[in-house]
Every structure is written in structure tokens, then in C-alpha cells.
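# Report on the structure
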Amino acid sequence: MTRNLTIGRPDDFHLHLRDQQMLAAVAPWSARLGRAIIMPNLVPPVVTGAQAAAYRDRIAAALPADATLRPLMTLYLTEATDPADVVAAHAAGIIAAVKLYPAGATTNSDSGVRDFDRVRPVFEAMAQARIPLCVHGEVTDPAVDIFDREAVFIDRVLDPVRRATPGLRVVMEHITTQDGVDYVRAGGDIGGTLTAHHLVINRNHILAGGIRPHYYCLPVAKRERHRLALVEAATSGDARFFAGTDSAPHPDHAKESACGCAGCFTAPNWLPICAHVFEQAGRLDRLEAFVSLNGAAFYGLAPNADRIRLSRRDEPATWPARIPAGEDSVTVFDPGFPLYWHVEEAA
Ligand code: NCD
Ligand code: ZN
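Please read all numbers here as calculations on a predicted model, not as lab measurements. (Residues numbered from 1 in each chain as written. Chains lettered and ligands numbered in written order. Predicted model: local features only at pLDDT ≥ 70, side-chain atom pairs only at ≥ 80, totals over all residues. Heavy atoms only, no water.)

## A few points about the overall build of the protein chain
Along the protein chain, the regular secondary structure elements total twelve helices and 13 strands. The C-alpha atoms of the protein chain give 19 Å as radius of gyration, which agrees with the globular expectation for 347 residues (20 Å, within 12%). Principal-axis analysis of the C-alpha atoms gives the protein chain an extent of 55 × 45 × 45 Å. Within the protein chain, the proportion of its 347 residues that are buried is 57%. Sequence-distant contacts in the protein chain: of pairs separated by 6 or more residues, those separated by 24 or more amount to 73%. Total accessible area computed for the protein chain in this model is approximately 13700 Å², and 52% of it derives from carbon and sulfur atoms. For the protein chain, the distance from the average site of its 34 positive side-chain charges to the average site of its 40 negative ones is 3 Å. (Helix = DSSP H or I, 4+ residues; strand = E, 2+ residues; numbered from the N terminus. Rg over C-alpha atoms; globule rule 2.2 N^0.38 Å. Buried < 20%, exposed > 50% of the residue type's maximum accessible area, 1.4 Å probe, protein only. Contact = heavy atoms within 4.5 Å. Areas by Shrake-Rupley, 256 points an atom, 1.4 Å probe, with all protein chains shown as cover. Lys, Arg positive; Asp, Glu negative; His and termini not counted. Charge placed at Lys NZ, Arg CZ, Asp CG, Glu CD.)

Structure follows, in C-alpha cells:
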């Protein structure tokens, strides 16, 4: 059995670091990444290149001195987004991508897009400049069942947008269904991120035997057959699939509420979870591609030059059950089983 695995330093292609007190609380848990695509859904959202540069500097200030993380910033697409600002921010190296949230689809998405025709000029400029569009792929139509919202989004929104905008590079974020996997597999100029938590939970984990708010995130976890499709995609070696944790911290009082908000905080343990999943699938040899190589290649980045070591020990790795955040705390995602992979810096 493999006991040690040395891989290129991992990147995270979908990460929420928040701002102010929460940023200070969670940033150290992502400090040893190589790069991370930083989500722009602050309140108010990061919509201009100047705001992205200022947020990048606040992140840098919140990181410990020995941090390896280089934040890759994104802009939050609104119906008022100026295509010229997007192209200029990308050309200046301030942003790596633009994020599309359908209005109302998830946490802090009120400023998102309602009428996709209104952002067509932005899509066209992005296709021209080869700027990736990161997509939260769920429709918000209240008539559509929440478990079907990803599949319906592909047909109603994503596929028409991609057909109308040849050359637009799309990342279908946090895929939760077989439909999403199949759609990414069928296309060019498209990648898909997969979270660690969607590789290990299905909807029963949220709803059976009591409602568990810390497993609630959007897109919501689906049936077991979908989880299995995600594991197959992640471990398949297909370079279009890569890790994007969607680690999304919320204060515990906001999760443990009559109307709890969506998001799982996986920054502390996502990598051991992925190692566990790949080991179970008999595909540890493909872990590095998923966490350290495929995403960088999609974004046109060289792989990180330095390496980390994962070691499998007899005793499980441990994390705090929750971390302090200002006056409150944030609960760390609990996979529900012990994790024996420990993350170390390479010797
Ligand atoms: C994210 C958040 O909390 O910002 N929540 C989530 O459930 N994943 C937003 C998102 O990525 O959908
Ligand atoms: Zn997210």
C-alpha cells in the first residue's frame, strides 16, 4: 500500500475567503495552497478591476508570512459589467476569470444576472480575449425542483450561451450531477470543478436521520448515483476535471438556523478527503492530476514548481471541529469517517 505520495503543490480553483474578520479567520487554512481562484461574492460584490486589486491586497495582508498561496482574482458579473473593464483587468494580470451567478441562485448572488442577453457583449469580449467564465450552474426558476436545477441550467442557459459565443472558455463549477459530468465530457473549451464534499456526501447525508445544516451547500448534494459519477469523473484522468473546493465558510449561527445558509467549510481537510477518495477508487496515481495539474493547465498556468508530501499513517489526521471567527465560530466539514492521509511539506 502506498504510504507516501509526493505531488506538486495543489491549487484550488474555487475558494471563498470572505473579508474582514472571516477572512482573517479562514485565510491561514488556505495559506499552503499554490494558487486559488477567489470567489467575488462579497457584500457588496467585487465587480471592477480596481475592487479586485484591493481585495487581493486585503487577502495578502491576512495571510501568514510563510504563505505560498497566490490568489487569482475574479470579477462578479452583473448586467452593468463593462466589457472593457473586464478585458483591461485581465490584460493587467489583476483577474484570472469572471464569475457568473444567476441572480438569487446562491449565497450573496442578488446582483447576479437575470437576463443573459444583457451580458452578451461581455461574453463576446471574453471569448475574444480567452478569459474563462466560471459558472454557477443552477436555474433559479421556482418551478424547477432544487435537485433538477443543475441539469435544467445546462439546457436552458449554459448550452445556448456556449453555442451563441464560440470560443468562450467555461468552467462549470462544483458539478453535482451525472448530467454535468456528461456535459463537460462532451465539449471543448470547457472544464469542470468538483468539490471534495460532493465526492463523499449524497442528499441522505443532509436529510436522513435529522437535518444537518453543515452538509447544506449549493448546488445541493444529489442522489448516490450522481456522487458516484463525480468520483468517476475526478478519478478518470480526464484533464477537463479539476479540484475546486468551494470551501465556503459561514458563522455557525447562520448555518444552525431556521433558514440556514449554504456552504461547507472544507479548507482544512479537503486534500485528505480527496486522497481518501482516490485511494478508495484505486487511483491514487491520478490524484496529482486532479489537485495540482489539470486546473493549472486549463487556466494556462505552469504547474507549481514545489511539492508537498501526503503520508498515510495509522492514526487519523485531526482538525478542530470548529475554528473561531470573530465572536462566532465556523464548523469544519466532517466527512463522517476517519482520514488517514496527512499533508506535509516535502522534505
Ligand atoms: C457559496 C457561498 O457561501 O458563498 N455557497 C455554497 O453553498 N456553495 C456560494 C456558492 O458557491 O454557491
Ligand atoms: Zn462557491
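## Some points on the sheet that holds strand 1 (residues 4-8)
One open sheet holds the three strands; their spatial order is 1-10-13, and the pairing between them is antiparallel. With one partner strand each, in any of the chains shown, strand 1 and strand 13 (341-345) form the two edges of the open sheet. With direction set aside, neighbouring strand axes in the sheet form an average angle of 25 degrees. Of the pairings in the sheet, the one linking strand 10 (residues 307-312) to strand 13 comprises five bridges and is antiparallel in character. (Pairing = 2+ DSSP bridges. Axes fitted to C-alpha atoms, helices over the stretch in contact; angles between N-to-C directions.)

## Quick notes on the coordination of the zinc ion (ligand 2)
The protein atoms that coordinate the zinc ion (ligand 2) are His14 (NE2), His16 (NE2) and Asp246 (OD), at distances spanning 2.0 Å. Classification of the site at the zinc ion (ligand 2) rests on its four donor atoms, whose angles at the metal span 92 to 134 degrees, yielding the label tetrahedral. Taken in sequence order, the residues that donate to the zinc ion (ligand 2) follow the motif H-x1-H-x229-D. Placement of His16 in the loop between strand 2 (12-15) and helix 1 (20-26) and of Asp246 in the loop between strand 9 (241-243) and helix 10 (252-255) is noted, with a sequence separation of 230 residues between them. (Donors = N, O, S within 2.8 Å, 3.2 Å for Na, K, Ca; no water. Tetrahedral: all angles 85-135°; square planar, octahedral: opposite > 155°, others 65-115°.)

## What about the sheet that holds strand 2?
Within the open sheet, the eight strands sit side by side as 2-3-4-5-6-7-8-9. Their pairing is parallel. Only two strands of the sheet have a single partner each, and these edge strands are strand 2 and strand 9. On average, adjacent strands in this sheet sit at an angle of 30 degrees to one another, irrespective of strand direction. Here strand 7 (residues 170-172) runs beside strand 8 (residues 190-194); their pairing, made up of three bridges, is parallel. Among the inter-strand pairings, Met172 is bridged to a residue of strand 8, identified as Gly192. Those strands touched by helix 12 (residues 287-298) are strand 2, strand 3 (35-38), strand 7, strand 8 and strand 9, and its axis lies near 120 degrees from that of strand 9.

## Section: the side chain of Arg9
In this fold, Arg9 is placed in the loop between strand 1 and strand 2. There is a polar contact of 3.0 Å between the side chain of Arg9 and the backbone oxygen of Arg32. Among the polar contacts listed, one links the side chain of Arg9 to the side chain of Asp306, at a separation of 2.7 Å. Sequence-distant contacts of Arg9, defined by excluding residues within four places in its chain, comprise Arg32, Leu33, Gly34, Thr68, Ser292, Asn304, Asp306, Arg307, Ile308 and Glu345. (Polar contact = N/O pair within 3.5 Å; in protein donor to acceptor, adjacent residues only side chain to side chain.)

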